[in-house]
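Listed below, chain by chain, are the residues.
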Amino acid sequence: NWNVAVLVRALLRAQGARVVLTRRSNAGVGPCLTRRAAIGNQQRADAAVSIHADGSLNASNTGFHVILPADTGQSQRMLRGSQRLGLAIRNALRDQGPTSISNYIGSDGLITRSDLGGLNLSKVPKVFTEIGNMHAPRDAAAMTSPAGRQLEASAIAAGITNFLTSRRG
């Protein structure tokens, strides 16, 4: 995930975007979820994306999904923005990514959750990506290969770019 995030940062910076990561390196663990949400809020980020790999123990559970925030009191603007961001990233991952749409969770690569503090505390458009299942051999191969990571990063960056360039409040 760290390698994908660094690649996404490079791709977006090459397009002139200002990118802030919540971690400085892949060593240890990053800041707590409260601090991570605060970073996006304090920066007044146009978009915040958490990049993860799912850990379903069932190796037949394959594919990616994008997690959208449920309405737990955030502004409608944040929720609408998150929906648009999630759709843009889902579409890019579906069209360009090395893993298929999840066959075990969500619907058409999207799921809404109310139990994730990183989404609940965000005041800016925010989604989580689960770019594949670490226990599914094909997904794991894509996520651990340089070519697969580049495809993941390119797709996520394309989704973010699409979201940013087609913004409608």
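That block above? That's the structure.
My aim in this report is to walk through the structure given alongside it, one point at a time. (Residues numbered from 1 in each chain as written. Predicted model: local features only at pLDDT ≥ 70, side-chain atom pairs only at ≥ 80, totals over all residues. Heavy atoms only, no water.)

## A closer look at the sheet that holds strand S4 (residues 126-133)
An order of S1-S4-S2-S3 is seen for the 4 strands of this open sheet, with the pairing classed as mixed. Each having just a single partner strand, strand S1 (48-54) and strand S3 (110-113) make up the two edges of the open sheet. The sheet shows a mean angle of 25° between the axes of neighbouring strands, direction not considered. Sheet strands touched by helix H3 (residues 76-96): S1, strand S2 (65-69), S3 and S4. Its angle to S2, the strand with the most contacts, is close to 175°. (Pairing = 2+ DSSP bridges. Helix = DSSP H or I, 4+ residues; strand = E, 2+ residues; numbered from the N terminus. Axes fitted to C-alpha atoms, helices over the stretch in contact; angles between N-to-C directions. Contact = heavy atoms within 4.5 Å.)

## Describing the packing of helix H5 (residues 137-144) against helix H6 (residues 146-165)
At a minimum axis separation of 4 Å, H5 and H6 run at an interaxial angle of 85°. Considering the angle they form, H5 stands roughly perpendicular to H6. Residues Ala142, Met143 and Thr144 of H5 form the contact with H6, whose own contacting residues are Pro146, Gly148, Arg149 and Glu152. Looking at the contact of H5 with H6 residue by residue, the classes come out as 3 nonpolar, 2 polar and 2 charged. (Parallel < 35°, antiparallel > 145°, perpendicular 65-115°, else oblique. Nonpolar A, V, L, I, M, F, W, Y, C, P; charged D, E, K, R; others polar.)

## Side note on the pattern of salt bridges
What the rule picks out here adds up to 3 salt bridges. A salt bridge links Asp95 to Arg94, with the nearest nitrogen and oxygen atoms 3.0 Å apart. On the basis of relative accessible area, Arg94 is assigned to the partly exposed category, the value being 39%. Close ionic contact of Asp115 with Arg113 constitutes a salt bridge, the shortest N to O distance being 2.9 Å. Its relative accessible area of 52% is what places Asp115 among the exposed residues. Look at Arg113 and you get partly exposed, because its relative accessible area is 26%. (Salt bridge = Lys/Arg side-chain N within 4 Å of Asp/Glu carboxyl O. Buried < 20%, exposed > 50% of the residue type's maximum accessible area, 1.4 Å probe, protein only.)

## Remarks on unusual backbone geometry
In this model, Arg44 sits at a positive phi of 50°, which is unusual for a non-glycine residue. With respect to the element layout, Arg44 can be found in the loop between helix H2 (33-42) and S1. Even without a glycine there, the phi angle at Asp108 is positive, about 55°. If you trace the backbone, Asp108 turns up in the loop between H3 and S3.

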